[in-house]
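Structural features, examined
If you want the building blocks of each chain, they are given just below.
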Amino acid sequence: MRWENLTESAEHGRADAALFGADAVTSRTFDTPEFAGITFHEIRARSIINRVPAVSRMSFQWTVNPYRGCSHACVYCFARKTHSYLDLDTGLGFDSQIVVKTNAPELLRRQLGSRRWQGEHIAMGTNVDCYQRAEGRYRLMPGIIGALTDHANPFSILTKGTLILRDLDLLKRAHEVTDVGISVSVGFTDPDLWRTVEPGTPAPERRLDVVRTLSEHGIGCGVLMAPVIPFLGDEPAQLRATVRAIAAAGATSVTPLVLHLRPGAREWFMSWLERHHPYLVRRYERLYADGSYAPKWYQRRITRQVHELAREYGIGPTDPGMPRRLPEPEPEPVATDLPGGTQLTLI
């Protein structure tokens, strides 16, 4: 694998040192049912705070990603392309070859303590899920949340994982000293659709239980209704059922996001579509003929319908400071002790 090539172009076009050395990678498999077929590549990263490219138009500038690859195995995941930078497969390889930055908590604590760090908001779960299955074994998030709390650094988490409830007490403590935003991703509640497009995730009902539990403990939780999948999850009755369930769980907000198909994800999703819904292939080719995103008219229609339903059920759009759409896949940061570099612009 191309570990030694994990570099980022410097300001004048010169490639800096790799973000971690090839000799620092330890690959492991675990003989337990929950990790069957998954290989974990443990590395010691050289930087953990990533700058978000300005072109992404995100409401935050910095992210932390303790993992690369994701066992949630969502067939539409926009981050699949990032695995190709490691010479790893963007299909099954993305689902089963997980890179673990084992030193993420200690590295983050050191970078937060730098005099150059200005205490800006840090978003997590914006590339791959920080509460995916691997987190149950590696337990990186308690140390990460602890470092952010000790520095009273504002942060947000986006997740499909129920494992976040393990860290409920840590989140409550963080909530007392800084701004904490939690958002759970639930694009639909249809069980048949969930089983085929998000096979490694907890069921939508379980994710909504996370929303409910956080709300009961005084931590407001929004829902990113993503993705709304054309022709499979966009019927008015489906949208209504999803928004109604989100409202019943006590979500503070709901923000819809229509499926987008970037290179890497597009090929994998279309191969899945051809196997499971071949009659939809031509419709998708037409809908996404102009690029990665569905046409504006379609996006506006879904947004209008969801917002109307949200008002009907007493919830609103995303609160300020939370993601309004998923960010672009993120490369690794510059190999430095300080978060001063700029990420590479991707696809």
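The numbers attached to residues start from 1 for each chain and follow its sequence in the written order. Since the coordinates come from a predicted model, pLDDT governs what is reported: local features require at least 70, and pairs of side-chain atoms require 80 or more to be given and counted, while whole-chain, interface and lining totals use all residues. Working from all heavy atoms in the structure, the side-chain values ignore hydrogens and water.

**Some remarks on the overall build of the protein chain**
For the purposes of this entry, the term helix denotes a DSSP run of H or I that reaches at least four residues, the term strand denotes a run of E that reaches at least two, and both are numbered from the N terminus. From N to C terminus, the protein chain includes eleven helices and eleven strands. Remark: exposure states derive from per-residue accessible area (1.4 Å probe, protein chains only) relative to the maximum for the residue type, with buried under 20%, exposed over 50%, and partly exposed in between. When the 347 residues of the protein chain are sorted by exposure, 57% land in the buried category. Whether two residues touch is decided by their heavy atoms; if any such pair falls within 4.5 Å, the residues are in contact. If you take every contact in the protein chain between residues at least 6 apart in sequence, the share linking residues at least 24 apart comes to 76%. Residue exposure ignores everything except the shown protein chains as possible cover, and the areas themselves are Shrake-Rupley values with a 1.4 Å probe. For the protein chain, the exposed surface amounts to about 14600 Å²; the carbon and sulfur share of it is 49%.

**Digging into the confidence of the model for the protein chain**
Counting all residues, the mean pLDDT for the protein chain is 86, and 83% of those residues have values of 70 or more. Segment residues 1-19: pLDDT under 50, and 53 contacts once partners within four positions in sequence are set aside and those in other chains are kept. The model gives residues 319-328 a pLDDT under 50, and that stretch makes 38 contacts with residues more than four places away or in other chains. You can read pLDDT as the predictor saying how much it trusts each residue, on a scale of 0 to 100.

**Quick look at the sheet that holds strand β11 (residues 254-258)**
For two strands to pair, DSSP has to find at least two bridges joining them. Strand order across the open sheet formed by seven strands is β3-β4-β7-β8-β9-β10-β11, with mixed pairing between neighbours. The open sheet has two edge strands, β3 (49-51) and β11, and neither has a second partner. Strand-to-strand twist across the sheet, computed as the mean angle between neighbouring axes with direction ignored, equals 25°. Two strands pair when backbone bridges link them, and β3 and strand β4 (residues 62-64) are joined in this way by three bridges, in the antiparallel orientation. In the strand pairing of β4, Arg 51 is matched with Trp 62. Axis lines are fitted through C-alpha atoms, for helices just across the contact stretch, and the angle between N-to-C directions can take any value from 0 to 180 degrees.

**Notes on the pattern of salt bridges**
When a carboxyl oxygen of Asp or Glu is within 4 Å of a side-chain nitrogen of Lys or Arg, the pair counts as a salt bridge. Within this structure, the stated rule accounts for 13 salt bridges. Measuring nitrogen to oxygen at the nearest pair gives 3.4 Å for the salt bridge that ties Arg 195 to Asp 192. Taken as a pair, Arg 195 and Asp 192 lie in helix α6 (residues 191-197) at a separation of three residues, close to a single helical turn. Residue classification places Arg 195 among the exposed residues on the basis of a relative accessible area of 51%. Measuring nitrogen to oxygen at the nearest pair gives 2.7 Å for the salt bridge that ties Arg 207 to Glu 198. Take Arg 207 and Glu 198: they sit in the same class, and that class is buried.

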